[in-house]
Amino acid sequence: MTEDTFAIQTEKLSKRFGHFVAVNSVTFNVRRGTIFGFLGPNGAGKTTTMRMLLGLLRPSGGKAKILGYDVAHQPRAVKKRIGYMSQRFSLYDDLTVEENLLFFGRTYGLRGARLRERIQYALRMADLIGREQTPGRELAGGFRQRMALGAAILHDPELIFLDEPTAGVDPVSRRSFWELLYQLVNDEGVTIFVTTHYMDEAEQCQELAFIHGGQIVAQGSPADLKVTLMRGVVIELTPDDPPEAMRLLKEASAAGALRVDDIALYGAQIHLVAQDAAQAQQQLAEVLTTGGVQFDPPDVIRPSLEDVFLSAIR
Amino acid sequence: MRVSNNPSVIICTTQLSRSFRKIAALRAIDLSIQRGEIFGLVGPDGAGKTTMLRLLAAVMTPTAGQVTVVGHDSVKDAEKIRGQVGYMPQRFSLYGDLSVQENLQFYADIFGVHGPERQRRFEQVLSFAHMSDIPDRRAKQLSGGMQKKLGLACTLIHRPDVLLLDEPTTGVDPVSRREFWDLLTELHLQGTTIVVSTPYMDEAERCNRIGLLFKGELIECGTPREIKALVQGQVVEFHPDRLEVARAVLSHQPGVLEVQVYGTLLHVFVEDATVVWPRLQTVLGEAEVKVDNVRLIHPRMEEAFISLIRRQVG
């Protein structure tokens, strides 16, 4: 039953490099037909974990089952069924869109009618119909991303790994890329495992895992994590002189007269993270009033996923 | 063609244009930036953000129009501008084989920072970037986020009044991004003027004002609140059990301004939710779409950006 339910199951998956423990006993499951977001700072063990799941790196301990196969023992069975779009996907600049897809399709062992059929599918999916003869180098950012995704799904994989697929891409192209991912999930029933540094993208995943220092520190839906993981509340303050307010609040925090975990300037607003909202509001009112800064009544706002993420690993 | 006499204006462009061969990268930009502002440049890939920063840094000459930075004309007094601005291009060149300290020495030589001031500046920028304990670490051994901080430290070596940063946090994880912005806030509080381009809309929210570039034109400019207020109506967020059907039936309903897909959620922009939403619920019911988790949300910069750009595209 579990093999049908989960596309990825890891149990105490670990990787050591000499004395350095890159991934430390990581256990998580990814449900089939969902988008699973794998988040963490650079160096937290994201790429190492992903490489073990892809069968590119042998675990030092524990195991990973991909689509029911033990990846360490049956890497070939796994590789046929998964797609991978790496952070620096290679697209041949001199080849046209169609030639690129032909190249990748043949690499996956597709031939004849099946190859043509899959290329047509990839072109339609990636909205590249009419651009078949465009050389790779002339494709704009968003289209390159779509083309790379098209190449990664030519062999009709059940599970797709995407490593920061939208790094450096503008918000409009990123949003349409994500619409495409959901189309794949809804229409084809594929499972997607994705890493990203964009918290607005993480918010679109059905399930998230945060890895930090080689360990999973939290896992759940974005909505659940906002409730369970956020230590403290976010207070938004609108002072008449934000820089002066910032100086006063930082001073007070350093002197212990204001108990907050974080103070950040957001243009004309200041965001404070506090464990005790009532106490913090009282203290900040005192600090600002004494310092002669006027302010509107502060609001407690919904934390962004970034607030939650920072709170979890700080 | 009159340069502003207002002493609080530190950057002023008049009908600023730049073409590459026959392609117009920037068209007739009029922009004033106040001393001490954090000004954010946002826009899709290829909108002209990098060209704009290069023109302000006086490392590129305009095809037409004028740039004045700290009172100097960018064509006649390019050298004077370069001495007073710190420009950090997207691919800032650090020497990987050189240590942190040696990289700083290199930039101090370029900008002519000599004498007793030199050592003091090294100490100041290292302490500022929290790198005082690793002056001998080679640049290539630093994490991505640390390299960005070292890049910023090098850019600050000659005490510039104006900082021009081209996507300084692209590809950097959320923790390092927050740390980088904490450094920018420090500089802002010390009175440095900062112009920064970014693909991250949460960073745009941290600016005093934002300029939205699209196809070489400055289509909007204002505070984050003003920009968000440009997006008409209210946004109803909900989770439909059949997303594609829900999107299709809602897109052409009267009172619906726009429908955006956000993961498994739909964001429906409506004129007045209390009037329109009950009718939409009926429409969804007739289409046999079940909805839950309905709530009214404030559009974030992300939604505003996508909406403003899609309106341009038509």
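These figures come from a predicted structure and were not determined experimentally.

Hey, could you go over the overall build of chain B for me, with residue numbers and the actual values?
From N to C terminus, chain B includes 11 helices and 14 strands. Expressed as lengths along the three principal axes of its C-alpha atoms, the size of chain B is roughly 80 × 50 × 35 Å. Residue pairs in contact within chain B that sit at least 24 positions apart in sequence constitute 69% of those at least 6 positions apart. Split by element, the accessible area of chain B, about 13700 Å² in all, is 50% carbon and sulfur. Where the 36 positive side-chain charges of chain B centre and where its 37 negative ones centre are 5 Å apart.

Describe helix 3 (residues 100–110) of chain B, listing the residues and the values that go with them.
Residues and elements named next belong to chain B. Among the residues of helix 3, V100, Q101, N103, L104, Y107 and A108 are the ones counted as buried. Buried residues of helix 3 fall within an arc of 160° about the axis and therefore sit on the same side. For helix 3, the elements touching its buried residues are helix 4 (115–128) and helix 5 (144–155).

Requested: an account of the side chain of A:Q204, with residues and values cited.
Tracing the sequence through the fold places A:Q204 in the loop between helix 8 (199–202) and strand 9 (207–212). By relative accessible area, which is 4% here, A:Q204 ends up buried. Not counting chain neighbours up to four residues away, the residues in contact with A:Q204 comprise A:R175, A:W178, A:Y182, B:Y262 and B:G263.

A description of the packing of aromatic side chains should follow, citing residues and the corresponding values.
The full count for this structure, using the stated rule, is 15 aromatic pairs over all chains. Relative to A:F103, the ring of A:Y92 lies with its centre 5.1 Å away and its plane at 70°, an arrangement referred to as edge-to-face. Taken together, the residues span a long stretch of sequence, with A:Y92 in the loop between strand 6 (82–85) and helix 4 (97–107) and A:F103 in helix 4 at a distance of 11 residues. A relative accessible area of 37% places A:F103 in the partly exposed class. Of the aromatic side chains, those joined through ring pairs into one cluster are A:F28, A:F36, A:F38, A:F161 and A:F193. Here the basic side chain of A:R174 rests over the ring of A:Y198, its NZ or CZ set 3.6 Å away from the ring centre. Geometry around B:Y200 places B:R177 over its ring, the cationic atom sitting 3.7 Å from the centre.

Can you lay out the packing of helix 12 (residues 305–313) of chain A against helix 6 (residues 174–189) of chain B for me, pointing to particular residues and giving the numbers?
At a closest axis distance of 10 Å, the pairing of helix 12 of chain A and helix 6 of chain B adopts a crossing angle of 100°. Considered as vectors, helix 12 of chain A and helix 6 of chain B are oriented roughly perpendicular to each other. Contacts from A:E306, A:D307, A:F309, A:L310 and A:I313 in helix 12 of chain A reach B:P174, B:V175, B:R177 and B:R178 in helix 6 of chain B. Grouping the constituent residues of the contact of helix 12 of chain A with helix 6 of chain B by class yields 5 nonpolar, no polar and 4 charged.

Could you give an account of the pattern of salt bridges, with specific residues and numbers?
Think of it this way: side chains of opposite charge can pair up when their charged atoms draw near. One pass over the full model with this rule turns up 35 salt bridges over all chains. Salt-bridge contacts for B:D109 lead to B:R118; the nearest nitrogen and oxygen are separated by 2.9 Å. Through salt bridges with shared partners, a single network forms among A:D262, A:E306, A:D307, B:R177, B:R178, B:D202 and B:E203.

Report on the interface of chain A and chain B, specifying residues and quantitative values.
Taken together, the contact between chain A and chain B spans 38 residues of the former and 39 residues of the latter. Taken together, chain A and chain B are joined by 9 salt bridges. Along the contact surface separating chain A from chain B lie 15 residue pairs in polar contact (both at pLDDT 80 or more). Of all elements in the fold, only helix 7 (171–188), helix 8, helix 10 (242–255), strand 12 (262–266) and helix 12 of chain A reach the threshold of two or more residues within the side of chain A that touches chain B. The element that contributes the greatest number of residues to the side of chain A that touches chain B is helix 7 of chain A, accounting for 6 residues. Taken together, the residues that form the side of chain A that touches chain B break down as 15 nonpolar, 9 polar and 14 charged.

With reference to specific residues and values, describe the sheet that holds strand 1 (residues 6–17) of chain A.
Residues and elements named next belong to chain A. Taken in spatial order, the 4 strands of this open sheet run 2-1-4-5, and their pairing is antiparallel. The sheet is open, and its two edges are formed by strand 2 (20–31) and strand 5 (69–70), each paired on a single side. As defined by bridge partners, strand 1 adjoins strand 2 across 8 bridges and the pair is classed as antiparallel. Paired with T10 across the bridge in strand 2 is F28.

Describe the domain arrangement of chain B, listing the residues and the values that go with them.
Each assigned domain of chain B is listed here: domain 1 (9–228) and domain 2 (232–298). For domain 1 of chain B versus domain 2 of chain B, the separation of C-alpha centres amounts to 41 Å.

Tell me about the nonpolar core, and name the residues and values.
Counting 54 residues, the largest nonpolar core has A:I35, A:L101, A:L149, A:L162 and A:I192 as its most contacted members. Looking at which element gives the most residues to this core, the answer is helix 7 of chain A, with 7 residues. Built from parts of two domains, this core gets at least three residues from each of domain 1 (2–227) and domain 2 (230–313) of chain A. Ignoring sequence-local partners within four residues, the contact set of A:L149 consists of A:M85, A:M125, A:L162, A:F177, A:L180, A:L181 and A:L184. Judged by nonpolar contacts, the second largest core, of 48 residues, contains B:I134, B:L156, B:L187 and B:I194.

How would you explain the sheet that holds strand 14 (residues 291–297) of chain B if you had to name every residue and give the values?
Residues and elements named next belong to chain B. Taken in spatial order, the 4 strands line up as 12-13-11-14 in an open sheet, and their pairing is antiparallel. In this open sheet, the two strands that pair with only one neighbour each are strand 12 (256–262) and strand 14. Sheet twist, expressed as the mean angle between neighbouring strand axes with direction ignored, is 20°. Seen against the sheet, helix 10 (residues 273–286) touches strand 11 (234–240), strand 12, strand 13 (265–270) and strand 14 and runs at an angle of roughly 25° to strand 11.

Describe in detail the environment of A:D296, supporting the description with residues and values.
With respect to the helices, strands and loops of the structure, A:D296 is situated in the loop between helix 11 (277–290) and strand 14 (299–301). Ignoring anything within four residues of it in the chain, the contact list for A:D296 reads A:L237 and A:T238.

Just give me the short version of the layout of surface pockets, but keep the residues and values in it.
There is about 1200 Å³ of room inside the second largest pocket. Taken together, 33 residues form the lining of the second largest pocket, with A:R88, B:Q90, B:R91, B:T170 and B:G171 sitting closest to its centre. Tallying contributions element by element places helix 5 of chain B first for the lining of the second largest pocket, with 4 residues. Here the residues of the lining of the second largest pocket are counted per class, giving 11 nonpolar, 13 polar and 9 charged.

About the thresholds
- Residues numbered from 1 in each chain as written.
- Chains lettered and ligands numbered in written order.
- Predicted model: local features only at pLDDT ≥ 70, side-chain atom pairs only at ≥ 80, totals over all residues.
- Heavy atoms only, no water.
- Helix = DSSP H or I, 4+ residues; strand = E, 2+ residues; numbered from the N terminus.
- Contact = heavy atoms within 4.5 Å.
- Areas by Shrake-Rupley, 256 points an atom, 1.4 Å probe, with all protein chains shown as cover.
- Lys, Arg positive; Asp, Glu negative; His and termini not counted.
- Charge placed at Lys NZ, Arg CZ, Asp CG, Glu CD.
- Buried < 20%, exposed > 50% of the residue type's maximum accessible area, 1.4 Å probe, protein only.
- Arc of directions from axis to C-beta.
- Phe/Tyr/Trp six-rings, centres within 6.5 Å; stacked < 30°, edge-to-face > 60°.
- Lys NZ or Arg CZ within 6 Å of the ring centre and 35° of its normal.
- Axes fitted to C-alpha atoms, helices over the stretch in contact; angles between N-to-C directions.
- Parallel < 35°, antiparallel > 145°, perpendicular 65-115°, else oblique.
- Nonpolar A, V, L, I, M, F, W, Y, C, P; charged D, E, K, R; others polar.
- Salt bridge = Lys/Arg side-chain N within 4 Å of Asp/Glu carboxyl O.
- Polar contact = N/O pair within 3.5 Å; in protein donor to acceptor, adjacent residues only side chain to side chain.
- Pairing = 2+ DSSP bridges.
- Domains from an automatic or database assignment.
- Core = buried A, V, L, I, M, F, W, Y, C linked by side-chain atoms within 4.5 Å.
- 1 Å grid on protein atoms, 1.4 Å probe; cavity = no way out; pocket = protein on both sides within 12 Å on 5 of 7 lines; lining within 4 Å.
- Points joined across faces, edges and corners; volume = space filled by probe spheres on them.

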